[in-house]
Amino acid sequence: MCPWEGIALESQRIRSILIVGGGTAGWMTAAALSRVLGQDYCQITLVESDTIGTVGVGEATIPQLGTFNRMLGIDENEFVRRTKGSFKLGIEFVDWGQVGERYFHPFGNFGLDMEGVSFHAYWMRMAKAGIFPDIEEFSLMARAAASNRFMRPVNAGNSPLSNITYAFHFDAGLYALYLRELAEANGVRRVEGKITNVERDGNGGHIRQVRLENGEALEADLFIDCSGFRGLLIGETLGVPYRDWSAHLPCNRAVTAPSERGNALPSYTRSTARKAGWQWRIPLQHRTGNGLVYCSDYMSDDEATQTLLDNLETPALGDPRLIRFTTGHRERFWEANCVSIGLASGFMEPLESTSIWMIQTGIARLLSNFPDRSFASVDRDRYNRLMVEESEYIRDFLVLHYKATRRDDTPFWNYCRTMPVPDRLAEKIRVFENSGRCFRENDELFNDTSWFAVMVGQGLQARRYDPVADLLSFEETRARLAHIRSAVLASEQHMPDQAQFIQEHCAA
Ligand SMILES: Cc1cc2nc3c(=O)[nH]c(=O)nc-3n(C[C@H](O)[C@H](O)[C@H](O)COP(=O)(O)OP(=O)(O)OC[C@H]3O[C@@H](n4cnc5c(N)ncnc54)[C@H](O)[C@@H]3O)c2cc1C
């Protein structure tokens, strides 16, 4: 007898999905699900409320967004043009380790690993001898950013020009509109209206339908909660608790204000530490995005607003906006027949531009653990475990920026410098302080280059260099590093100014 006989495989298929929310999370989800599932698999509907609106921020990304856009079939020049975007080679951190200091966290790698030993180990050996102390000379992304340059990688053999790694800055509202067009073309139905009631069935508490202010009811098999911070379904309806990470990531407010575009178009995000938080500067083609992220225990809203306005480099283009948040995440990202994606599922603060990545990875994992109407708990549990792990790894990396400071000039920085940190981060710091080693654990988002850049940049000191760096002789190491350094510096000269690159390829 055929093992499948009698099993109606099709009958349990998800027939309808309702996405609640039309911000970046909602439209990324709608565009991706409709692209992958196609029009015949199930009906996808998205409901959003014009009166509630979106959070309207989220303008800096990491390189993985390119993969998401390619999956959607988006042409990159068209994307940058439509979102009035620019290219990002990394983040400059100013005044973080100590007032007056700066460093760059680049995408891509520093130098080249040699003889199976990490470049970081060789560099530290040289740096401890006072040779080539500036690690940024070994990253084309860091060098190019310092002179506002950009180009895409070219096929140039061993040259650093073959490995240019980049992400984007973009106007979040324009990106959502662009994705909406793609999703609607793929058959997604958009409903405008405010949800005033959510109804569950008695059987396991699954969500059955939402009701709009005008009385219309929208039913679905699977609900995706992209309703933003309030978590309309996952929190308010299903009661999934929020795990609060304020003790490690104390910032809980942001004030934002766009300003005019500057003369230059930097190819990087800048993050400047302030008295009780930090300020971002994100260059777009038509304006500059600015915001101050701060902790309300140490700074009032008025002071934050004034600090932001006092530090704008170009005239403001509108009134400042205040946003409140609590860092952390839902204890379960997926509960019953509802998956939360975006701010509804949590927020770790924007320091390393990881929220849109969390949306992207949430969608990818939903697709690879896609349920049927039996909603097997094994799929849900796996999804939840992976999303919590992803969040915790990112959290540790973010906390590092606050913890590894020598600043003692304000109560906020005193708190951060002395706060207890999660065990895994504490171990990472001890390992680095002992031997200068950094590791990427399992599938964590940030690789050893990122950890190294921030640990060195924040001024953590390693007692000794990694002993395996003695594999090459001192002179051989010096010669090889000199060679890499000159290749990076020569490559930098080859790259055009980013404004010129955009003018030629993707001007809005
Ligand atoms: C200060 C700040 C800076 C940030 N910077 C970055 C960054 O640089 N990089 C990055 O990756 N991320 C960043 N983020 C995060 C990023 O903004 C979000 O991840 C992203 O915008 C997704 O938001 P969302 O779609 O989940 O929620 P929202 O944009 O809030 O959208 C919620 C949607 O739900 C709808 N909705 C809510 N309630 C109802 C209802 N009752 N009925 C109908 N519809 C409803 C709303 O109308 C809206 O469409 C930042 C966030 C903050 C707060």
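Everything below is about the structure shown above.
Residues numbered from 1 in each chain as written. Predicted model: local features only at pLDDT ≥ 70, side-chain atom pairs only at ≥ 80, totals over all residues. Heavy atoms only, no water.

> An account of the overall build of the protein is requested, with residue identities and associated values reported.
Along the protein, the regular secondary structure elements total 15 helices and 21 strands. Its C-alpha atoms give the protein a radius of gyration of 24 Å, near enough to 23 Å, the size a compact globule of 508 residues would have. Overall, the protein is about 75 × 65 × 50 Å in size when its C-alpha atoms are taken along their principal axes. Expressed as a percentage of its 508 residues, the buried residues of the protein come to 57%. Restricting the contact set of the protein to residue pairs at least 6 apart, pairs at least 24 apart contribute 77%. For the protein, the accessible area works out to roughly 20,700 Å², and carbon and sulfur atoms hold 47% of it. (Helix = DSSP H or I, 4+ residues; strand = E, 2+ residues; numbered from the N terminus. Rg over C-alpha atoms; globule rule 2.2 N^0.38 Å. Buried < 20%, exposed > 50% of the residue type's maximum accessible area, 1.4 Å probe, protein only. Contact = heavy atoms within 4.5 Å. Areas by Shrake-Rupley, 256 points an atom, 1.4 Å probe, with all protein chains shown as cover.)

> Describe the packing of helix H4 (residues 119–128) against helix H13 (residues 448–457), with residues and values.
One way to put it is that H4 packs onto H13 with a least axis distance of 11 Å and a crossing angle of 25°. Looking at the two axes, H4 sits roughly parallel to H13. Side by side, H4 and H13 meet where His 120, Trp 123 and Met 124 of the first sit next to Asp 448, Thr 449, Phe 452 and Val 456 of the second. Considering only residue class, the contact of H4 with H13 consists of four nonpolar, two polar and one charged. (Axes fitted to C-alpha atoms, helices over the stretch in contact; angles between N-to-C directions. Parallel < 35°, antiparallel > 145°, perpendicular 65-115°, else oblique. Nonpolar A, V, L, I, M, F, W, Y, C, P; charged D, E, K, R; others polar.)

> Which residues make up the packing of aromatic side chains, and what are the values?
Within the structure shown, the criterion is met by 31 aromatic pairs. Ring geometry for Phe 412 versus Trp 413: centroids 5.0 Å apart, planes at 85°, classification edge-to-face. When its relative accessible area of 0% is taken as the criterion, Trp 413 is described as buried. Aromatic side chains Phe 432 and Phe 452 sit 5.9 Å apart centroid to centroid with 70° between the ring planes, which places their arrangement in the edge-to-face category. Of this pair, Phe 432 sits in helix H12 (residues 423–435) while Phe 452 sits in helix H13, and the two are 20 residues apart along the sequence. In terms of burial, Phe 432 and Phe 452 fall into one category: buried. An aromatic cluster is built from Phe 79, Phe 87, Phe 150, Tyr 166, Phe 168, Phe 170, Tyr 175 and Phe 501, whose rings are joined through pairwise contacts. The ring centre of Tyr 41 lies 4.8 Å from the NZ or CZ of Arg 13, which sits over that ring. (Phe/Tyr/Trp six-rings, centres within 6.5 Å; stacked < 30°, edge-to-face > 60°. Lys NZ or Arg CZ within 6 Å of the ring centre and 35° of its normal.)

> Residue-level account of the site of the ligand, with values.
Close contacts around the ligand come from 35 residues, with Gly 22, Val 57, Ala 60, Ile 195 and Ile 356 the closest. One nitrogen or oxygen atom from the main chain of Val 57 is found 2.8 Å from an oxygen atom belonging to the ligand. For the ligand, whose free accessible area comes to 1,000 Å², the fraction covered by protein is 97%. Partitioned by chemical class, the residues of the shell around the ligand number 17 nonpolar, 14 polar and four charged. (Near = heavy atom within 4 Å. Polar contact = N/O pair within 3.5 Å; in protein donor to acceptor, adjacent residues only side chain to side chain.)

> I'd like to hear about the sheet that holds strand E1 (residues 16–20), residue by residue, with values.
Here we have six strands laid out as an open sheet, ordered E7-E2-E1-E11-E20-E19, and mixed in their pairing. On the outer flanks of this sheet lie strand E7 (189–192) and strand E19 (334–335), each paired with one strand and no other. Pairing of E19 with strand E20 (residues 338–340) involves two bridges; the strand directions are antiparallel. Pairing of Glu 335 across the sheet is with Cys 338, part of E20. (Pairing = 2+ DSSP bridges.)

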